[in-house]
Structures are given as structure tokens and as C-alpha cells.
Amino acid sequence: MNPSPILVVGSFVQDLTFSTQRFPSPGETVVGQFFTGPGGKGSNQAVAARRAGADVTFVGAVGADAFAQSVREFYQEEGIHAALAEYRDASTGTAGILFDNSGQNEIVVALGANDFLSPHDIPDEFLAESEILVCQLECNLVAVKSVLERAGRNSVTRILNPAPLREELPLDLLQSTDILIPNETEFIGLLERLESSAPTEEELPHLSPDELGNLCRKLGPPTVLVTLGRHGVHLWSETHNKRIPAVEGVKVVDTTGAGDAFVGAFAAGMQRFPGDLPAAARFANRAAALSVTRQGTAPAMARLEEIES
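Residues numbered from 1 in each chain as written. Predicted model: local features only at pLDDT ≥ 70, side-chain atom pairs only at ≥ 80, totals over all residues. Heavy atoms only, no water.

Per an unreviewed UniProt entry, the recorded name for the protein is Ribokinase, and the organism is Puniceicoccus vermicola. The Catalytic activity (unreviewed entry) comment attached to the protein in UniProt states, word for word, "D-ribose + ATP = D-ribose 5-phosphate + ADP + H(+)". On record in UniProt, under Pathway (unreviewed entry), the comment for the protein is "Carbohydrate metabolism; D-ribose degradation; D-ribose 5-phosphate from beta-D-ribopyranose: step 2/2." (UniProt positions renumbered as here; feature names shortened; annotations may be inferred.)

Structure below.
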């Protein structure tokens, strides 16, 4: 298998999704609808990048079960080069997803085989032929740390989406990151680990560009993009400190996977608009806006012709 310019290392999770009019209270049962499909932050981001026009390799781990076989067929249909390590003593990762009629969601993830992903599952030759590496925190953190460090030695641009923000996250991982893409919750969580005070999620979108830029600088990576939902994205680097507005007039159906849509499309946008981070972010904003108009995660990712139109 030939490596691709964009290498995504992370999780595959089979989504088990329930839609309901409202979230149940503790101890309450509500009636809803069920559907299932491919998901996982790493896998979703690989699909988003591929559909946005990039050549993508995905490295992940699965169990020896029916979910693993179906995802191999899915990647083949999507045109993604997939290197899946199979761990027979673990199940393929699964996620229980609940979303209500406003499109908000609650998610519980069982990592399964993702927690067994090893640095040995990520060959050096993949990094040697890649331009951009995309990682998250939904798989074995030892593997994430290893591939970020090795990518740096190969002059690969390293994107880290710190999701889910795990208690055991080593903060020195940020020093091996070129572009950090957290959402509001993850951004504030990282700040709280680095210092005693941080704004609330309600305050964050209303900070001035200078205030938000100063907070981004404290995290360490040279470029930070904070996704702010309907408030857009804040881009900070040594040459940029600006808010990029969200796409307006979007009818929200399901917000699950919107962050993954942004991250994957941003990586593709970096190749589409070399050296123009704001253009890549606007491109990713459109991809994320399209994704929330549909149910599901990977199947909801936007294709290049949709994003461009």
C-alpha cells in the first residue's frame, strides 16, 4: 500500500446511534429511532479529508469481528488507503450516541481495540511519504505520542485534535504539535491544566481577538484554531489572529461529527490552499456546516463539489 500526503492515525468506532425528541432524565426511558454506521474520530476525519479532495491513508485498530469487516469495505468504497491492525483479544470500538430534536448529542465511547494501537502499527515509511499528519486522543496515547514525535523528525506538519480530552493526556504532547484544533470545552480544559483560571464556555466567544489570541499562545503550539460552533472559528498564529465566521442559514439536524468534519476538511484545505490558513479554515467551515444538515458521522461528511458550491 502506498502512503498518502495526508496520514490520519486514530480511532475507528462503530456508531450505535439513537435519535429522540429529548434526552431522558436519570431513570427515565424514552422512545426513539436507531441506526448504525462507521464512526470514530480518526476514521471520520479521514473520510472528511478524502471526500474534500485529498489522498488519505488511515491507520487504526479493530477487533476480529463483523464491524471490522464492514469498515474495510467502507474504506475501499471511499478510496481511503486503510492499514488496520487487528487485535483478536479486543472488540472493535463502539460508541453509543444519543441526539435530540435540536441536534445536540451525548456520546459514550468504548475504545476496544483502539486502546491497543501500537507505535509498531504505524510504519516509518508512511511518515516519510506524508505531508500532513492528523491525530486525536481516542486511541492509545503512547502511539499518538510516538507518531507525533516521529513526524516532527520527518518534517511532517502535525495536526492534533485533543478530543476526547483525557485525564491521562501528557501535556508535553502539545510541544510535538504544529496545529492544535480544540473545541470550546477542550480549549478551556487545556487552559485549566496549565493555569488556575480560564474563561467559561459562555464567555469564550465574546472575548476580543487579542484576549483569545493571548490564551491560544499559552498552549504552546505555533498555530491554534478554536472551533466555537455557531460563533465560527478563532485562528491564531504568529501571522494571524482573527475570527472566521460560521456559515449562516444552516438547518441543524445532527451535530455529531461536526468537529471531525472541520479537522479533516482543514487538512485537505491546507493542501488546496498552500500557505493560506484562513482559506483552509473557511473551506473547513463549509464542510462542517454541510455535515450537520444530515444524520450520522462518516456518512454525513461533505464531498468536494458540495463544499465548493
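Here the narrative resumes, following the displayed structure.
1. A look at the sheet that holds strand E13 (residues 241–244)
Spatially, nine strands are ordered E5-E4-E1-E8-E9-E10-E11-E12-E13 in an open sheet, and the strand pairing comes out mixed. Each of the sheet's edge strands pairs with one partner strand only, and the pair in question is strand E5 (81–86) and E13. Most of the contacts of helix H2 (residues 66–78) go to E5, to which it runs at about 165°, and overall it touches strand E4 (56–62) and E5. Relative to E13, helix H8 (residues 277–291) is tilted by about 25°, and along the sheet it contacts strand E11 (223–227), strand E12 (233–236) and E13. (Pairing = 2+ DSSP bridges. Helix = DSSP H or I, 4+ residues; strand = E, 2+ residues; numbered from the N terminus. Contact = heavy atoms within 4.5 Å. Axes fitted to C-alpha atoms, helices over the stretch in contact; angles between N-to-C directions.)

2. Topic: unusual backbone geometry
Peptide bonds are mostly trans, and most non-glycine residues show a negative phi. Between alanine 163 and the following residue, proline 164, the backbone shows a cis peptide bond with an omega angle of -10°. Here proline 164 shows up in the loop between strand E9 (157–160) and strand E10 (179–180).

3. With respect to the pairing of E5
Side-chain direction in a regular strand flips from residue to residue, so the side chains alternate between the two faces of the sheet. Here E4 runs beside E5; their pairing, made up of six bridges, is parallel. Its bridge partner lying in E5, glycine 60 is registered against leucine 84. One crossover worth recording links E4 to the parallel E5 by way of H2, and it is right-handed. (Right-handed = clockwise from strand over helix to strand, strands pointing away.)

4. With respect to the packing of aromatic side chains
Per the counting criterion, the structure on display carries seven aromatic pairs. Judged by centre distance (5.5 Å) and plane angle (50°), the ring pair of phenylalanine 58 and tyrosine 75 falls under tilted. Taken together, the residues span a long stretch of sequence, with phenylalanine 58 in strand E4 and tyrosine 75 in helix H2 at a distance of 17 residues. On the accessibility criterion, phenylalanine 58 (0% relative accessible area) is buried. By relative accessible area, which is 1% here, tyrosine 75 ends up buried. By the ring-pair criterion, three or more aromatic residues cluster together here, those being Phe58, Phe74 and Tyr75. (Phe/Tyr/Trp six-rings, centres within 6.5 Å; stacked < 30°, edge-to-face > 60°. Buried < 20%, exposed > 50% of the residue type's maximum accessible area, 1.4 Å probe, protein only.)

5. Section: the sheet that holds strand E7 (residues 105–110)
If you walk across this open sheet you meet the four strands as E3-E2-E6-E7, and the pairing is mixed. Edge strands, defined here as strands with exactly one partner in the open sheet, are strand E3 (33–39) and E7. Along the sheet, successive strands turn relative to each other by an average axial angle of 20°, direction set aside. Alignment of strand E6 (residues 93–99) against E7, held across six bridges, turns out to be antiparallel.

6. Looking at helix H5 (residues 184–194)
Residues of H5 that are buried include every one of Glu184, Glu186, Phe187, Ile188, Gly189, Leu190 and Leu191, and no others. Taken together, the buried residues of H5 touch E10, helix H6 (209–219) and E11. A distance of 3.1 Å separates the backbone nitrogen of threonine 185 from a side-chain oxygen at the start of H5, and that oxygen is part of asparagine 183. (Polar contact = N/O pair within 3.5 Å; in protein donor to acceptor, adjacent residues only side chain to side chain.)

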